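# Examining the three-dimensional arrangement
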Amino acid sequence: MSQLLYAYQVVFTVALIIFAVLVILCLFRAILGPSMADRIVAINMIGTLTIMMIGILAIYLKEGYLIDVCLVYAMLSFLAVIVLTKIHMSLYLRKKQREEERKEKSHV
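In short, a report on the structure. (Residues numbered from 1 in each chain as written. Predicted model: local features only at pLDDT ≥ 70, side-chain atom pairs only at ≥ 80, totals over all residues. Heavy atoms only, no water.)

### Quick word on the overall build of the protein
- Per the secondary structure count, the protein includes 3 helices and 0 strands.
- Start at the N end of the protein and walk to the C end: the helices and strands fall as α-α-α.
- Relative to a compact globule of 108 residues, whose C-alpha radius of gyration would be 13 Å, the protein shows 21 Å and is clearly more extended.
- Its C-alpha atoms give the protein principal-axis dimensions of roughly 80 × 25 × 15 Å.
- Within the span of the protein, comprising 108 residues, buried residues form 20% of the whole.
- Pairs at least 24 residues apart make up 50% of the contacts formed inside the protein by residues separated by at least 6 positions.
- Accessible surface, the protein as shown: approximately 8400 Å² in total, 71% of it carbon and sulfur. (Helix = DSSP H or I, 4+ residues; strand = E, 2+ residues; numbered from the N terminus. Rg over C-alpha atoms; globule rule 2.2 N^0.38 Å. Buried < 20%, exposed > 50% of the residue type's maximum accessible area, 1.4 Å probe, protein only. Contact = heavy atoms within 4.5 Å. Areas by Shrake-Rupley, 256 points an atom, 1.4 Å probe, with all protein chains shown as cover.)

The following block contains the structure:
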């Protein structure tokens with residue numbers, strides 16, 4: 001039985017390390033991303049990976065309250081992505097409207 005627990009600990013540790021590396025890579029994409037949409041997707045991915053890491057820690061440490069933290073973080077991450085998307089869409093629509101106004105002025 002102890003070998004099985006050791007195997008689970010190794011799997012959880014490796015998964016946490018892999019997710020940490022993926023979070024760092026997503027952070028680079030969020031900072032360097034060529035477009036705002038890439039940045040929003042990277043931020044969403046960071047939130048998802050963090051939720052997975054908290055869930056794995058909850059199982060690894062056998063702490064039930066971390067599941068509650070995970071759920072709250074999931075809601076906050078979802079709202080953050082929705083707000084960022086809304087801001088991006090409003091900026092995009094303003095830019096598009098300005099371009100249309102410039103085209104109308106140049107044709108007149």
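### As for the packing of aromatic side chains
- A complete count under the given rule lists 2 aromatic pairs for this structure.
- Ring centres 6.2 Å apart and planes at 90° place the aromatic pair Phe12 and Tyr60 in the edge-to-face group. One end of the pair, Phe12, is in helix α1 (residues 2-32); the other, Tyr60, is in helix α2 (residues 36-61), with 48 residues separating them in the sequence.
- The class for Phe12 is buried, based on a relative accessible area of 17%.
- Of the aromatic side chains, those joined through ring pairs into one cluster are Tyr8, Phe12 and Tyr60. (Phe/Tyr/Trp six-rings, centres within 6.5 Å; stacked < 30°, edge-to-face > 60°.)

### Some details on the nonpolar core
- By size, the foremost hydrophobic cluster in this structure holds 9 residues: Phe12, Ala15, Leu16, Phe19, Val23, Cys26, Ile46, Leu49 and Ile56.
- Only α1 and α2 provide two or more residues apiece to this core.
- With residues near it in sequence (within four places) discarded, Ile46 still touches Val23, Cys26 and Leu27. (Core = buried A, V, L, I, M, F, W, Y, C linked by side-chain atoms within 4.5 Å.)

### Details of α1
- The terminal C-alpha atoms of α1 lie 45 Å apart, and with 31 residues this matches the ideal 45 Å at 1.5 Å per residue to within 8%.
- Every buried residue belonging to α1 is among Phe12, Ala15, Leu16, Phe19, Val23, Cys26 and Ala30, and all of these are buried.
- The inward-facing, buried residues of α1 contact α2. (Expected span 1.5 Å × (residues − 1).)

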